[in-house]
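# Summary of structural features
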Protein chains: 2
Amino acid sequence: MGATPVKRTSRDIRTANRYEVLRQIIASSPTSRQELAAATGLSLATVATLVGELLDLRMITEVGFEDSAGGRPRGLVAVNASGGALIGVDIAETYVYAELYDLGLNVLARAEERMRPGQSTPEEVVAHVATTTRSVVAQAGVESARVLGVGVSMPGQVDRATGVSEYAPNWDWQDVPLLDLLAEHIPYPLYLDNPLRACAVAELWFGAARGYGDAVVLILGTGVGAGLILGGAVHRGVSSSAGEWGHSTLVLDGRLCHCGNHGCVETYVGAPGIMQNIRELSPRSPLLHPGDQSATIDALAAGLAAGDPDAVKVVRDLARYLGAAIADLVNVLNPEVVVLGSWVAIRLGTPLLREVRAAVARHALKRPMAATRIVLSPILTDSVCMGTATLALEGALQSVGQTTGKRATRARSRTAPPT
Amino acid sequence: MGATPVKRTSRDIRTANRYEVLRQIIASSPTSRQELAAATGLSLATVATLVGELLDLRMITEVGFEDSAGGRPRGLVAVNASGGALIGVDIAETYVYAELYDLGLNVLARAEERMRPGQSTPEEVVAHVATTTRSVVAQAGVESARVLGVGVSMPGQVDRATGVSEYAPNWDWQDVPLLDLLAEHIPYPLYLDNPLRACAVAELWFGAARGYGDAVVLILGTGVGAGLILGGAVHRGVSSSAGEWGHSTLVLDGRLCHCGNHGCVETYVGAPGIMQNIRELSPRSPLLHPGDQSATIDALAAGLAAGDPDAVKVVRDLARYLGAAIADLVNVLNPEVVVLGSWVAIRLGTPLLREVRAAVARHALKRPMAATRIVLSPILTDSVCMGTATLALEGALQSVGQTTGKRATRARSRTAPPT
Ligand SMILES: [Zn+2]
Ligand SMILES: [Zn+2]
């Protein structure tokens, strides 16, 4: 048997509880230990210990007192926004984009590098990540010692534990040791994951999945996929490749997908699939901007707003595909919430959401459907960057209580970490 | 926000570790604390404490010593098979079947009651469960005080926490308080769940999912579904209805399913779906026994064994549907193992398995496919009964350390529990 025992430790629990308390403080600063205990379901003693650790780390501060009915005044704590900086980097097919955040997850600086087709060797991509990272630190004027970590999102299959980009379909990368390459240029703790997990963790901490145990975060862009939150944490799967809902079969023997399968969800609801849907409906449709996904989706959004019947029909068609494919996830996983995110979902917005809700209800079983909310992502900034920055925050919280100077095992850098 | 905080406690961890140690003892009796620590990844001190609890409960016994190289002789423990009895009950469309097990999960007695169509009111079903339960206790000659619990599997959507059968499609039951009705007749702690979860927990403890963190247990019978094991525990979903993979869309706008959706997996790979596949291939096929699923599947198995080209074609066709539908689960969940269980899978056996493996590989992404084993269930007895008995065992283990006489919150009986 090649099975490894599943070992659960009190350390995992402690880390998860630490996440939850900080999440709650960020969401509702200023707040008291009593309110935190009520909101998280943890005991007051546990909350007091975790708050103490976060105060020691200067991630939060004491900000005064509030009266409590008939008791001692309660101490209030709030997130110490300037107590540290986090950087999130989104590596995409045509650009590298970075954002620097304070601990309240406010964006302090942004930087972008464009990439032309063919300019995407590992060395070129690493150089862009290093440049954007340096740029956001310089723009924000934060000291190096205050940067708690850099989270990097790489498309495709990524082994977060080893920092290897195992497979990037667009660039045909295979087993590139990306984190090691990045560590030669970037003097901060580094965390690597893929966009599905980044968006899931952003929704879990700051978005529509906050407070839920089981949630599905859909990425609807050029590619499509699902970040899964199960049991209150991101589900990665045995080889870190869970969430490839875009390559589920929706139409047996349907459209050929770049993954080699036929009839994948992505071939009908990814931006190129939507362009194909329009083409099949009406080859000369003015909605269609050949070779330009972004302009096509914008034209569709504008058409919807203007009540154009062709645009309405295209979105209804899209919702029909999405409805069946989302119903599969509702039936199989029985989540509390399904979040529609990424640029196609955001640009088509509420009209798409309305059609999708109706379509999912037509396909899903009644009981799990009744238990599931379907919502648009409320995150207004780049949710991949926010998610990777959050992964860096999680890494910093995970190393709390470890020997000073010892890095979290998943964080790597060639230089000494900030102390 | 209707979200409830996800509270994880050290108590949950302790219960999970207790499961793991007992699972390992059942699998490898006699064994030493040192071997248990090595197999589970737990510390020797933790193992020693958990072994002490299991000894106090008389679920295991000391059975002597083995020499250890250069050290003190090591104490050996083994499961105390006669230390308690567990009953598993499988409520199906046409029968109620019960098995009584010792703590080594050996079957000591069996009982069955047949039901005719129309004889399936809650009262009639409860009477059958009470009769079979009494029968297996009498046959095995165990004292009532030694029966640790009765697990009952009810098809459809079941709320395990409240003991309510929320929806049973075949009988059109809605919100039947089944556990309360059963408790009026059965003087043992009772646990209710559905067949998907029962089979998943049986595979997790005693079958092909043992030792794995992420596993999918497929039920391939009249209906089809998936029991999900994620993070080492059964995933139930927010309203206890996870696993309804049988109602995922495989063929958009395909065959009408009794759930109201079109093109559900179940309509192509459930036993009635297989009969339909045969009919579409060749309406007068000698494989087809109209109105008799069991005879049809047997004819198919016999045809396969004899190399009948029609049978080979039908199974290849079935594998094609299963391949795409299983690939969806491999892509989305990235499990370590997929287990094919229930009567259709068992009767078609290795020839089906071989075709399914090849078909999944054609549809799934390469990386998650390479990380997933696809196997037949090794459980030879009724895995629903074994699974519900295991749920009762889990319930008994969960109440360890609670005030004596206090029942596990999920167990209910109107009489005092055995002490
Ligand atoms: Zn695909
Ligand atoms: Zn169905």
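Residues numbered from 1 in each chain as written. Chains lettered and ligands numbered in written order. Predicted model: local features only at pLDDT ≥ 70, side-chain atom pairs only at ≥ 80, totals over all residues. Heavy atoms only, no water.

### Things to note about the overall build of chain A
- When you go through chain A residue by residue, the secondary structure sums to 13 helices and 16 strands.
- Over its C-alpha trace chain A gives a radius of gyration of 22 Å, about what one expects of a compact globule, namely 22 Å for 419 residues.
- Per-residue burial over chain A gives 58% buried out of 419 residues.
- Put simply, of all contacts in chain A between residues at least 6 apart along the chain, 61% involve residues at least 24 apart.
- Accessible area for chain A stands at about 16,100 Å²; split by element, carbon and sulfur atoms hold 51% of it.
- Placing the 37 positive and 40 negative side-chain charges of chain A at their respective mean positions leaves the two points 5 Å apart. (Helix = DSSP H or I, 4+ residues; strand = E, 2+ residues; numbered from the N terminus. Rg over C-alpha atoms; globule rule 2.2 N^0.38 Å. Buried < 20%, exposed > 50% of the residue type's maximum accessible area, 1.4 Å probe, protein only. Contact = heavy atoms within 4.5 Å. Areas by Shrake-Rupley, 256 points an atom, 1.4 Å probe, with all protein chains shown as cover. Lys, Arg positive; Asp, Glu negative; His and termini not counted. Charge placed at Lys NZ, Arg CZ, Asp CG, Glu CD.)

### Notes on the environment of Gln398(B)
- Secondary-structure assignment places Gln398(B) in helix H13 (residues 383–398).
- Taking C-alpha positions, Gln398(B) is 9.0 Å from Arg14(B), a pair spaced 384 residues apart along the chain.

### Topic: the coordination of the zinc ion (ligand 2)
Residue and element names in this part refer to chain B.
- Taken together, His247 (ND1), Cys257 (SG), Cys259 (SG) and Cys264 (SG) make up the protein donors of the zinc ion (ligand 2), found 2.0 to 2.3 Å from the metal.
- Around the zinc ion (ligand 2), the four donor atoms are arranged such that angles at the metal cover 103 to 122°; this shape is classified as tetrahedral.
- Sequence spacing of the donor residues for the zinc ion (ligand 2), all on one chain, is H-x9-C-x1-C-x4-C.
- With a relative accessible area of 24%, Cys259 lands in the partly exposed category. (Donors = N, O, S within 2.8 Å, 3.2 Å for Na, K, Ca; no water. Tetrahedral: all angles 85-135°; square planar, octahedral: opposite > 155°, others 65-115°.)

### Thoughts on the confidence of the model for chain A
- The pLDDT averaged across chain A works out to 89; a share of 93% of its residues lies at or above 70.
- Scoring of the predicted complex yields 0.88 for pTM and 0.87 for ipTM. (pLDDT = per-residue confidence, 0-100.)

### Regarding the packing of helix H9 (residues 293–305) of chain A against helix H10 (residues 309–333) of chain A
All names here are of chain A.
- Contact geometry for H9 and H10: axes closest at 8 Å, N-to-C directions at 115°. It follows from the interaxial angle that H9 and H10 lie roughly perpendicular. Pair H9 / H10 crosses with left-handed handedness. Together, Leu300, Gly303 and Leu304 of H9 and Ala311, Val312, Val314 and Val315 of H10 make up the contact between the two elements.
- Residues belonging to the contact of H9 with H10 are distributed by class as follows: six nonpolar, one polar and no charged. (Axes fitted to C-alpha atoms, helices over the stretch in contact; angles between N-to-C directions. Parallel < 35°, antiparallel > 145°, perpendicular 65-115°, else oblique. Left-handed = near helix turned anticlockwise from the far one by under 90°. Nonpolar A, V, L, I, M, F, W, Y, C, P; charged D, E, K, R; others polar.)

### Structural notes on the sheet that holds strand S7 (residues 147–153) of chain A
Residue and element names in this part refer to chain A.
- With respect to topology, five strands assemble into an open sheet ordered S6-S5-S4-S7-S11, the strand pairing being mixed. Two strands close off the open sheet at either side, each with one partner strand: strand S6 (107–114) and strand S11 (190–193). Along the sheet, successive strands turn relative to each other by an average axial angle of 15°, direction set aside.
- Judged from the seven bridges that link them, strand S4 (residues 85–91) and strand S5 (residues 95–102) form a sheet pairing that is antiparallel. By the bridge assignment for S5, Ala85 is matched with Asp102.
- Contacts from helix H4 (residues 122–140) reach S4, S5, S6 and S7 within the one sheet, and its direction differs from that of S6 by about 150°.
- Helix H13 (residues 383–398) rests against S4, S5, S7 and S11 of the sheet, and its axis sits at about 135° to S4. (Pairing = 2+ DSSP bridges.)

### Side note on the domain arrangement of chain A
- Taken domain by domain, chain A consists of domain 1 (10–82 + 405–414), domain 2 (84–199 + 383–398) and domain 3 (208–376).
- Inter-centroid distance (C-alpha atoms) of domain 1 of chain A to domain 3 of chain A is 37 Å. (Domains from an automatic or database assignment.)

### Quick word on the coordination of the zinc ion (ligand 1)
Residue and element names in this part refer to chain A.
- For the zinc ion (ligand 1), the full set of protein donor atoms is His247 (ND1), Cys257 (SG), Cys259 (SG) and Cys264 (SG), at a range of 2.0 to 2.3 Å.
- Metal-centred angles of 103 to 121° between the four donor atoms at the zinc ion (ligand 1) mark the site as tetrahedral.
- Within one chain, the residues donating to the zinc ion (ligand 1) are spaced in sequence as H-x9-C-x1-C-x4-C. Of the two residues, His247 sits in the loop between strand S14 (233–234) and helix H7 (266–269) while Cys259 sits in the loop between S14 and H7, which places them 12 residues apart along the sequence.
- On the accessibility criterion, His247 (6% relative accessible area) is buried.

### A look at the sheet that holds strand S5 (residues 95–102) of chain B
Residues and elements named next belong to chain B.
- Taken in spatial order, the five strands line up as S6-S5-S4-S7-S11 in an open sheet, and their pairing is mixed. Every interior strand has two partners, whereas the edge strands, strand S6 (107–114) and strand S11 (190–193), have only one. On average, each strand axis in the sheet is inclined to that of its neighbour by 15°, with strand direction left out of account.
- H13 rests against strand S4 (85–91), S5, strand S7 (147–153) and S11 of the sheet, and its axis sits at about 135° to S4.

### Here we look at empty space enclosed by the protein
- Here the structure, examined in full by the defined rule, presents four cavities of 30 Å³ or more.
- In this structure, the largest cavity encloses a volume near 100 Å³.
- Residue assignment for the lining of the largest cavity shows that the elements contributing at least two residues are H10 of chain A together with helix H10 (309–333) of chain B.
- Partitioned by chemical class, the residues of the lining of the largest cavity number seven nonpolar, two polar and two charged. (1 Å grid on protein atoms, 1.4 Å probe; cavity = no way out; pocket = protein on both sides within 12 Å on 5 of 7 lines; lining within 4 Å. Points joined across faces, edges and corners; volume = space filled by probe spheres on them.)

### Remarks on H10(A)
Residue and element names in this part refer to chain A.
- For H10, spanning 25 residues, the distance from its first C-alpha to its last is 35 Å, which sits close to the expected 36 Å at 1.5 Å a residue.
- A large share of H10 lies buried, amounting to 19 of its 25 residues.
- Positive backbone phi, at 55°, marks Asn334, one or two positions downstream of H10. (Expected span 1.5 Å × (residues − 1).)

### Concerning the packing of aromatic side chains
Residues and elements named next belong to chain B.
- Within the structure shown, the criterion is met by eight aromatic pairs over all chains.
- Each ring, one from Trp205 and one from Phe206, has its centre 5.8 Å from the other, and the planes form 40°; the classification is tilted. Comparing Trp205 with Phe206, the two get one shared label, buried.
- With centroids separated by 4.8 Å and ring planes inclined at 40°, the aromatic side chains of Tyr268 and Tyr321 adopt a geometry described as tilted. Here Tyr321 lies in helix H10 and Tyr268 lies in helix H7 (residues 266–269), a separation of 53 residues in the sequence.
- Given the relative accessible area of 6%, Tyr268 is considered buried. (Phe/Tyr/Trp six-rings, centres within 6.5 Å; stacked < 30°, edge-to-face > 60°.)

### Observations concerning the interface of chain A and chain B
- Contact with chain A, which involves 67 residues of that partner, is made by 68 residues of chain B.
- The junction of chain A with chain B conceals about 5,500 Å² of combined surface from both sides, 53% of it contributed by carbon and sulfur atoms.
- Where chain A touches chain B, the interface holds five salt bridges.
- A salt bridge links Arg367(A) to Asp175(B); the nearest nitrogen and oxygen atoms lie 3.4 Å apart.
- Along the contact surface separating chain A from chain B lie 30 residue pairs in polar contact (both at pLDDT 80 or more).
- Counting residues per element, the side of chain A that touches chain B draws most heavily on H10(A), at eight residues.
- When the residues that make up the side of chain A that touches chain B are grouped by side-chain class, the tally is 28 nonpolar, 25 polar and 14 charged. (Buried area = accessible area lost by both parts, 1.4 Å probe. Salt bridge = Lys/Arg side-chain N within 4 Å of Asp/Glu carboxyl O. Polar contact = N/O pair within 3.5 Å; in protein donor to acceptor, adjacent residues only side chain to side chain.)

### So, the side chain of Thr390(A)
All names here are of chain A.
- Mapping Thr390 onto the fold places it in helix H13.
- Its relative accessible area of 0% is what places Thr390 among the buried residues.
- If sequence neighbours within four positions are ignored, Thr390 has contacts with Leu105, Val201, Trp205 and Phe206.

### Details of the nonpolar core
- Grouped together as the largest cluster of nonpolar side chains are 102 residues, with contacts concentrated most on Trp245(A) and Trp245(B).
- Leaving out residues up to four positions away in the same chain, Trp245(B) has contacts with Val332(A), Leu218(B), Leu220(B), Val224(B), Gly225(B), Ala226(B), Val265(B), Leu322(B), Ala325(B), Ile326(B) and Leu329(B).
- Counting residues in hydrophobic clusters, the runner-up holds 52 residues, among them Val77(B), Tyr101(B), Ile229(B) and Leu391(B). (Core = buried A, V, L, I, M, F, W, Y, C linked by side-chain atoms within 4.5 Å.)

### Concerning the packing of helix H6 (residues 195–206) of chain B against H13(B)
Residue and element names in this part refer to chain B.
- Remark: H6 packs on H13, axes separated minimally by 7 Å, with the N-to-C direction vectors making an angle of 75°. With respect to each other, H6 and H13 are oriented roughly perpendicular. For the pair H6 and H13, the contacting residues are Pro195, Ala198, Cys199, Val201, Ala202, Trp205 and Phe206 in the first and Ser383, Val384, Met386, Gly387, Thr388, Thr390, Leu391, Leu393, Glu394 and Leu397 in the second.
- Across the contact of H6 with H13, the residue classes tally to 12 nonpolar, four polar and one charged.

### Quick look at the pattern of salt bridges
- Inspection of every chain in the model, using the stated rule, returns 27 salt bridges over all chains.
- Between Arg367(B) and Glu166(A) there is a salt bridge whose closest N-O contact spans 4.0 Å. A residue pair is termed interchain when its members come from two chains, as with Arg367(B) in helix H12 (residues 366–370) and Glu166(A) in strand S9 (residues 164–168).
- With relative accessibility at 13%, the residue Glu166(A) sits in the buried group.
- Among the ionic pairs, Glu53(B) bridges to Arg18(B), the shortest N-O distance being 2.8 Å. Separated by 35 residues along the polypeptide, Glu53(B) in helix H3 (residues 44–56) and Arg18(B) in helix H1 (residues 10–28) bring together distant segments of the chain.
- Taking the relative accessible area as the measure of exposure, Arg18(B) reaches 3% and is therefore buried.
- One network of salt bridges, in which partners are shared, links Arg160(A), Asp193(A), Arg197(A) and Arg236(A).

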